[in-house]
Amino acid sequence: MKTWLALFGAPSIVLGCLSVNYALVTPACRLGGHALLDGVSGASLVVCTAATLLAWQRWRETRRSSTSSAPARSTPPLPSPPLPSPPLPSPPLPSPPLPTPDMTGRPARAGFIAAVAAGVGALSVLSVIAITIPQWLLSAC
């Protein structure tokens, strides 16, 4: 749930902020200030930032769990001294089965989605800031 809010909710909040700000331009002009517009943009910024932080936290959790659950690598044994007589040829050993994407890809998938959600949330935060800057510089009328 932490990742989906940033992945889908944050861009939707940016679009909602833009739409509501557009609808509030006339009332803000009548009131002679841009407090209404700043309120909507501020609330959108807070929600987008919270969603981004939740996704970032989820990404860090998946990174920690993937590094702690990874099998420990053992050092290869030291080579034994050569035998005095030549060894007899042995039949080749069957190679172990290769891991399939279904076996190894699933734990990394949650981390990838969380990283993408954090990126989308960060872009949404930057978008809300970019929407707010003209409100500070230009009058509502």
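All of these numbers come straight from a predicted model, not from anything done at the bench.

Draft legend 1. Looking closely at the side chain of Ser124. With respect to the element layout, Ser124 can be found in helix H4 (residues 101–137). By relative accessible area, Ser124 is classed as buried at 4%. For Ser124, the contacting residues outside a window of four places in its chain are Ala10, Pro11, Val14 and Cys48.

Draft legend 2. Region of interest: the confidence of the model for the protein. Model confidence for the protein is summarised by a mean pLDDT of 82, while 70% of its residues fall at 70 or above. Of all secondary-structure elements in the protein, the lowest mean pLDDT belongs to H4, at 85, while helix H1 (residues 2–23) reaches the highest, 92.

Draft legend 3. View of H1. Counted at 1.5 Å a residue, the expected span for H1 with its 22 residues is 32 Å, and the 30 Å between its end C-alpha atoms agrees. At Gly9, H1 shows its maximal bend, which comes to roughly 35°, and the proline Pro11 appears one to four places after that position. Where H1 is concerned, the buried positions are Thr3, Ala6, Leu7, Gly9, Ala10, Val14, Cys17 and Asn21.

Draft legend 4. Local environment of a nonpolar patch on the surface. The grouping of Leu123, Leu126, Ile129, Ile133, Trp136, Leu137 and Leu138 at the surface amounts to a nonpolar patch, some 770 Å² of accessible area in total. Inspection of the secondary structure puts Ile129 in helix H4.

Draft legend 5. Local environment of the state of the cysteines. Scanning all chains against the criterion turns up one disulfide. For Cys29, the disulfide goes to Cys141, at an S-S distance of 2.0 Å. Because the sign of the S-S torsion sets the handedness, a value of about 115° for the bond joining Cys29 and Cys141 places this disulfide among the right-handed ones. Here Cys29 is found in helix H2 (residues 25–31), whereas its partner Cys141 is found in the segment after H4, with 112 residues between them in sequence. The class of Cys29 is partly exposed, set by a relative accessible area of 29%. Free cysteine Cys17: the closest other cysteine sulfur is in Cys48, separated by 8.0 Å. Note on Cys48: relative accessible area 0%, which makes it buried.

What counts, and where the lines are drawn
- Residues numbered from 1 in each chain as written.
- Predicted model: local features only at pLDDT ≥ 70, side-chain atom pairs only at ≥ 80, totals over all residues.
- Heavy atoms only, no water.
- Helix = DSSP H or I, 4+ residues; strand = E, 2+ residues; numbered from the N terminus.
- Buried < 20%, exposed > 50% of the residue type's maximum accessible area, 1.4 Å probe, protein only.
- Contact = heavy atoms within 4.5 Å.
- pLDDT = per-residue confidence, 0-100.
- Expected span 1.5 Å × (residues − 1).
- Bend = angle between axes of the 7 residues up to and from the residue.
- Patch = residues over 30% accessible without salt bridge, like charges linked within 9 Å, V, L, I, M, F, W, Y side chains within 5 Å.
- Areas by Shrake-Rupley, 256 points an atom, 1.4 Å probe, with all protein chains shown as cover.
- Salt bridge = Lys/Arg side-chain N within 4 Å of Asp/Glu carboxyl O.
- Disulfide = S-S within 2.5 Å.

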